Structures are given as structure tokens and as C-alpha cells.
Amino acid sequence: MKYNVAVMGATGAVGNCFLRILEERKFPVKNIRLLASEHSRGKKLKFKGKPYPVEALTHDSFKGIDIVLASAGASRSLEFLPSAVKAGAVCVDNSSAFRTEKNVPLVVPEVNPEKIKENKGIIANPNCSTIQMVVALWPIHRITKIKRIVVTTFQSVSGAGQKKIIELWEQSKMFLAKKKVTPVEFPHRIAFNLIPQIDVFMENRYTKEEMKIGNETRKIMKDPFIQVNATCIRVPVFYAHSESVNIETEKHIGADEVQEILSKAPGLVVIDDPENNSYPMPMLAEGKDEVFVGRIRQDESIKNGISMWIVSDNIRKGAALNAIQIAERLIK
Ligand code: NAP
């Protein structure tokens, strides 16, 4: 059986990756409809070697569509996905619009695939930082409960979309040419700098991105008691997010055991050979499907603690790949 698929936000960083991954994984596509803003109407994008025109997104865009892969931002998802559901489509949404809604499954296939069948037309894809973290932490949580997570993220510019990739590129050239750099997309210069702010600040002084990681982790891991303290940093890297993660578990677990468990877990690759300077890095994860884990070690400052370093391509496993894995299970 083949399916009519609409990609909402097809011209964006995630949208483009949707097209590549649908091709790579031979997703059974009957017809594809590419949707973006009015500004991109008529632009042509290639799918399986053939050019397809981009259409402007409207409430009528979903007639005859079976599956919507949405990546056009939260306000577009809020406005248009109810029309897609009305037209009979099932939507996998990359935005934050529905992630914490009670009746919307929030799914990482390596962790809670059983939730997919509970969908009422919308399935939410988690935040990119959350996805790679839970893929690595879930196998440990199943052995001994994780009580607390302290995570610092180092997020690439592509996590904020196509325009931010161009901004880092342009700023780097200007900076190296000793020319004046004026930030447009980011609040500060991102080239040769770090920005300790992703999304807006909340009343409790955390950013929205930092709060999302905790709320989404508890929902996906089905454990309302996990405490999460996150700090999110934007870094001048094009692709792949990195995370320094420290966990406190209920029972003791050794670093060797964690290494062993994670090396057998789905979707994960352990790269952990410090003597040979071998550990995950964004340049190794870029363009790859897996979540990479290394620097696994006992936290010597508490009784039951483990520290590790997690890296994954935010556009692939953090967004498009995870959504397509959900769609694959959906059609199964
Ligand atoms: P992006 O590169 O900025 O792309 C945004 C897409 O949305 C473009 O196709 C754009 O079309 C479309 N769009 C914008 N306004 C629109 C409108 N009024 N009507 C129709 N389409 C509109 O952003 P992205 O990085 O791909 O992210 C897309 C979504 O995925 C966001 O919700 C983001 O939070 C989420 N996400 C991203 C990542 C990541 O790593 N980048 C990870 C997880 C989740 P035009 O080109 O015509 O403007």
C-alpha cells in the first residue's frame, strides 16, 4: 500500500531532510505535496529526482492526504493541523504546539512506540534535545529509576532553522575578514561565541527550551517524578547537538554496566575509548541517524551518579528521522 504524503514546511531545514529521508528509507509514497509559505509558492524541490512545485499552505491543502509531516512552526501547526485531521489525515508534528496536550502522544520510537496507536489524528515529535537524551537514558531507567537529570546542551545553529545556518556562515566570513558583524537572527553574534539563551525566558528565569526538556522527558518516560535541571546553550556548530548529562539513579549502577547496556540499546552507538581520544563529537554525528554516547563515568560526588556525553544530528534523529520512524510504525 502507498500513501499520499504532505510535507508542511518543505522548504525549511527539517522539511528538506524529510524529503531526503523519505527517499532513503523508501517510504511508500504515492503522491507528495510540498507546502510552505506564500513566499515559496511555485518554487521547485526535488523528490526522487523529480521536481515538485511548492504550494502555499491553506486549510484546503489536505484533501486526499493520508499523512502530514509538519515542520512549519508551532503557530502554523496550531492553525492548520486541525483542518488536516478533519480531512482524514494523521499528522506527525515537529513543533511544540501539541507536545504537552494530554490526548496527543509524544513519541520517541525507541522509548514509547506503544503510544502511537492512541493518536486522535496528531502525534507530536519531541524537541530535538529531548529526543537524543531519552534515547540514551531510557535503557538505564528501565534497570534502575532515574531520580534526577542535570543536563547542559550545546545546540547547533541548524536547530533554529535555515536562516540561522546562513547567519553563522555569513558572520564567520565577516569576522575572519575583520569586518563588522551585525547579528540579525540571533540576539548576539554567534560566530566564535556561545549564547546561553534558546527561546524566551520564563518567570522562573529558565528559558522555554530548558523547561521543555523536563516536561517532555517526564511524559515520554512515563514518570512524573523525574527531576530535570537543564541549561541550553547555542554554539557555533552547523549540525548536531551535544549534551553533557548527569543522572542520579535510585540504585547503584556502574559505568561499565551503563556502557554495556547502552551498547546493546536500539538507536545508540557507544564511542567511549578515552585513551585513544575517542568520544562522540558533532562532526562525527552530522548526517548520521544514531544517537552517540561516550565519556560514560561514575559521578564521584554522589552515591548513585553517572555522567555522560550525548551527541546526535538534530535535523535527523532530532526531527525528520524520528517523525518518519513514527510514520513507518503508523502504517505498519
Ligand atoms: P526553518 O528552516 O525556518 O523552516 C520553516 C518552514 O516553515 C519553511 O518551510 C517555511 O516556509 C515554513 N513556514 C514559515 N511560515 C509559514 C507560513 N506562514 N505558512 C506556511 N509555511 C510557513 O525551520 P526548521 O528548523 O525546519 O523547523 C521547523 C519546525 O520544526 C519548527 O517548529 C521547529 O521548532 C521544529 N524542529 C526543528 C528542529 C531543528 O533541528 N531544526 C528540531 C526539532 C523540531 P518558507 O520557506 O516559505 O518561509
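Each value, and the rule that gives it
- Residues numbered from 1 in each chain as written.
- Predicted model: local features only at pLDDT ≥ 70, side-chain atom pairs only at ≥ 80, totals over all residues.
- Heavy atoms only, no water.
- Salt bridge = Lys/Arg side-chain N within 4 Å of Asp/Glu carboxyl O.
- Helix = DSSP H or I, 4+ residues; strand = E, 2+ residues; numbered from the N terminus.
- Buried < 20%, exposed > 50% of the residue type's maximum accessible area, 1.4 Å probe, protein only.
- Axes fitted to C-alpha atoms, helices over the stretch in contact; angles between N-to-C directions.
- Left-handed = near helix turned anticlockwise from the far one by under 90°.
- Contact = heavy atoms within 4.5 Å.
- Domains from an automatic or database assignment.
- Buried area = accessible area lost by both parts, 1.4 Å probe.
- Polar contact = N/O pair within 3.5 Å; in protein donor to acceptor, adjacent residues only side chain to side chain.
- Nonpolar A, V, L, I, M, F, W, Y, C, P; charged D, E, K, R; others polar.
- Core = buried A, V, L, I, M, F, W, Y, C linked by side-chain atoms within 4.5 Å.
- Near = heavy atom within 4 Å.
- Areas by Shrake-Rupley, 256 points an atom, 1.4 Å probe, with all protein chains shown as cover.
- Phe/Tyr/Trp six-rings, centres within 6.5 Å; stacked < 30°, edge-to-face > 60°.

Participant: Break down the pattern of salt bridges for me, citing the residues and quoting the values.
Facilitator: Per the stated rule, a full pass over the model turns up 14 salt bridges. Glu209 serves as the salt-bridge partner of Lys212, at 3.7 Å between the closest nitrogen and oxygen. You can see Lys212 and its partner Glu209 sitting in helix α5 (residues 208–220), three residues apart, about one turn around the helix. Each member of the pair, Lys212 as well as Glu209, is classed as buried.

Participant: Lay out the packing of helix α3 (residues 128–141) against helix α6 (residues 255–264) in plain terms, naming residues and giving numbers.
Facilitator: The N-to-C vectors of α3 and α6 enclose an angle of 115°; their axes lie 9 Å apart at closest approach. As for how α3 packs across α6, the hand of that crossing is right-handed. Taken together, the residues of α6 that come into contact with α3 (itself represented by Ala136, Pro139 and Ile140) are Val258, Ile261 and Leu262.

Participant: Give me the domain arrangement of the protein chain: which residues, what numbers.
Facilitator: What the domain assignment lists for the protein chain is domain 1 (3–125 + 319–331) and domain 2 (130–313). Between domain 1 and domain 2, the C-alpha centre-to-centre distance is 25 Å. Across the boundary between the two partners, domain 1 contributes 19 residues, which contact 15 residues of domain 2. Across the domain 1/domain 2 interface, buried area totals approximately 1500 Å², and carbon plus sulfur atoms make up 65% of it. Broken down residue by residue, the surface that domain 1 buries against domain 2 is led by Leu106, Glu110 and Val111, which jointly contribute 36%. Linking domain 1 with domain 2 are two salt bridges. Linking Glu114 and Lys222 is a salt bridge whose minimum nitrogen-to-oxygen distance equals 2.8 Å. Along the contact surface separating domain 1 from domain 2 lie six residue pairs in polar contact (both at pLDDT 80 or more). Here the side of domain 1 that touches domain 2 is built from residues that sort into seven nonpolar, six polar and six charged.

Participant: An account of the nonpolar core is needed here, citing residue identities and associated values.
Facilitator: Among the nonpolar cores identified, the biggest contains 54 residues, and Val68, Leu137, Ile140, Ile149, Val245, Ile247 and Met308 are the most heavily contacted of them. For this core, the element with the highest residue contribution is α3, accounting for eight residues. Both domains that meet at this core, namely domain 1 (3–125 + 319–331) and domain 2 (130–313), each give it at least three residues. If near-sequence neighbours (up to four positions away) are discounted, Ile140 is found in contact with Ile146, Ile247, Thr249, Ile253, Val258, Leu262 and Met308. Among the nonpolar cores identified, the runner-up in size contains 33 residues, and Phe47, Val107, Ala320 and Ile324 belong to it.

Participant: Would you mind going over unusual backbone geometry in detail, with residue names and values included?
Facilitator: Backbone geometry at Asp199 places phi at a positive 75°, although glycine is not the residue there. When you line up the elements, Asp199 lands in the loop between α4 (162–176) and α5. Positive phi, close to 80°, is recorded for Arg205, a residue that is not glycine. Checked against the element boundaries, Arg205 lands in the loop between α4 and α5.

Participant: Please provide a residue-by-residue account of the site of the ligand, values included.
Facilitator: Neighbouring the ligand are 26 residues, the closest being Thr11, Val14, Ser37, Ser40 and Gln162. One of the backbone nitrogen or oxygen atoms of Gly9 is found 3.1 Å away from an oxygen atom of the ligand. Val14 places a main-chain nitrogen or oxygen 2.9 Å from an oxygen atom of the ligand. Protein coverage of the free-state accessible area of the ligand, which is 910 Å², stands at 76%. Elements with a contribution of two residues or more to the shell around the ligand: α1 (13–24) and α8 (316–331). When the residues that make up the shell around the ligand are grouped by side-chain class, the tally is nine nonpolar, 16 polar and one charged. Taken together, domain 1 (3–125 + 319–331) and domain 2 (130–313) each give at least three residues to the shell around the ligand, which thus spans both.

Participant: Explain the packing of aromatic side chains to me, and be specific about the residues and the numbers.
Facilitator: Under the definition given, this model contains four aromatic pairs. Taking 5.6 Å as the distance between ring centres and 55° as the angle between the ring planes, the aromatic pair formed by Phe154 and Trp309 counts as tilted. Here Trp309 lies in strand β13 (residues 305–312) and Phe154 lies in strand β8 (residues 146–155), a separation of 155 residues in the sequence. For Phe154, a relative accessible area of 26% puts it in the partly exposed group. A ring pair is formed by Trp169 and Phe238, whose centres lie 6.1 Å apart and whose planes are at 55°; its orientation type is tilted. Note that Trp169 is positioned in helix α4 and Phe238 in the loop between β9 (227–234) and β10 (241–249), a separation of 69 residues in sequence. Residue classification places Phe238 among the partly exposed residues on the basis of a relative accessible area of 27%.

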